[in-house]
Amino acid sequence: MLPDDLWGTLTAARRLVHLDLSGLYTKPTGLVTLPGAAVILVPVVAIADAAGLPLRVPGAHNAHPGVWLVAGPYEIALSAVALFAADAIAGRLGVARSKRALLAAAGAVALWGVSVRWGHPEDAVAVGLLLFGILALSDPNPRVGRRPLSTTM
């Protein structure tokens, strides 16, 4: 089974690639929120366009769409942001490698439904960025991008 919501979002991403901004919220995209999902899928559409792969909706006459060979691995790679963030937090907490491997496997199973089944890698990216933000805020010794405040002028 292929992701149900992915095809409308890919259509919206194609409209972004072709700078057809007025078509983002028209049929068949199904977008009802900000176009973040379409924005992160722009590279998939660019590769599909360059390769000549059509964005036809899967069905009886299109059981194995070629664009899925690009979109599937890309969605899985995007979703891995949440796995890396969870592993970084577990590493900071001193969790053993065996338990971190179990955490990664459980996370991959949980992400499968979100990304591969429903076609929403943006949700996994949002969770991953949230976890990385929490990790950055919990750093007792921040080093990057911060200068000490000076009281003298």
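That block above? That's the structure.
A. Spotlight on the overall build of the protein. Broken down by element type, the protein carries 6 helices and 0 strands. Counting across all 153 residues of the protein, residues that qualify as buried make up 31%. Accessible surface computed for the protein: about 9,900 Å², of which carbon and sulfur atoms make up 68%.

B. Quick look at helix α4 (residues 68-92). For α4, built from 25 residues, the straight-helix expectation of 36 Å at 1.5 Å per residue is met to within 8% by its first-to-last C-alpha distance of 36 Å. Of all the bends in α4, the largest measures some 25° and sits at Ser79. Looking only at α4, the buried set comprises Trp68, Val70, Ala71, Gly72, Glu75, Leu78, Ser79, Ala80, Ala82, Ala85 and Ala90. Against α1 (6-17), α2 (36-40), α3 (42-51), α5 (97-117) and α6 (121-137) lie the buried residues of α4. Trailing α4 by a residue or two, Gly94 shows a phi angle of about 80°, which is positive.

C. A look at the nonpolar core. Counting residues in each nonpolar core, the largest one holds 19 residues, and the members touching the most others are Leu6, Leu10, Ala38, Leu41, Val44, Val67 and Trp68. Those elements that place two or more of their residues in this core are α1, α3 and α4. The leading source of residues in this core is α1, at 6 residues. When near neighbours in sequence (up to four residues on either side) are disregarded, Ala38 contacts Thr9, Ala12, Ala13, Leu16 and Leu31.

D. A look at the packing of α4 against α5. For the pair α4 and α5, the least separation of the axes is 9 Å and the interaxial angle reads 140°. It follows from the interaxial angle that α4 and α5 lie oblique. Like other packed secondary-structure pairs, α4 and α5 cross with a definite hand, here right-handed. Along the contact surface, α4 presents Trp68, Glu75, Ile76, Ser79, Ala82, Leu83, Ala86, Asp87, Ala90 and Gly91, while α5 presents Arg100, Leu103, Ala104, Gly107, Ala108, Leu111, Trp112, Ser115 and Val116. For the contact of α4 with α5, a count of residues per class yields 12 nonpolar, 4 polar and 3 charged.

Rules used throughout
Throughout, a residue's number is its position along its own chain's written sequence, starting from 1. Under the rules for a predicted model, residues below a pLDDT of 70 receive no local features and side-chain atom pairs below 80 are neither given nor counted, while totals for whole chains, interfaces and linings still include all residues. Neither water nor hydrogens contribute to the side-chain values; these are computed over all heavy atoms in the structure. Strands here mean DSSP runs of E at least two residues long; helices mean DSSP runs of H or I at least four residues long; both are numbered from the N terminus. Residue exposure (1.4 Å probe, protein chains only): buried if accessible area is under 20% of the type maximum, exposed if over 50%, otherwise partly exposed. Using a 1.4 Å probe, the Shrake-Rupley method yields the accessible areas, and only the shown protein chains count as cover for residues. One less than the number of residues in a helix, times 1.5 Å, gives the span that helix is expected to have. The bend reported for a residue corresponds to the angle between axes fitted to the seven residues ending at that residue and the seven starting there. Here, residues are in contact when the closest pair of their heavy atoms is within 4.5 Å. Only buried Ala, Val, Leu, Ile, Met, Phe, Trp, Tyr and Cys residues count toward a nonpolar core, and they belong to the same one when joined by side-chain atoms within 4.5 Å. In this analysis an axis means a line fitted to C-alpha atoms, helices contributing only their contacting stretch, and an angle means the value between N-to-C directions, from 0 to 180 degrees. Roughly parallel means an angle under 35 degrees; roughly antiparallel means over 145; roughly perpendicular covers 65 to 115; every other angle is labelled oblique. Left-handed describes a crossing whose near helix is turned anticlockwise from the far helix by less than a right angle; the clockwise case is right-handed. Throughout, the ten residues Ala, Val, Leu, Ile, Met, Phe, Trp, Tyr, Cys and Pro are labelled nonpolar, Asp, Glu, Lys and Arg are labelled charged, and all others, Gly among them, are labelled polar.

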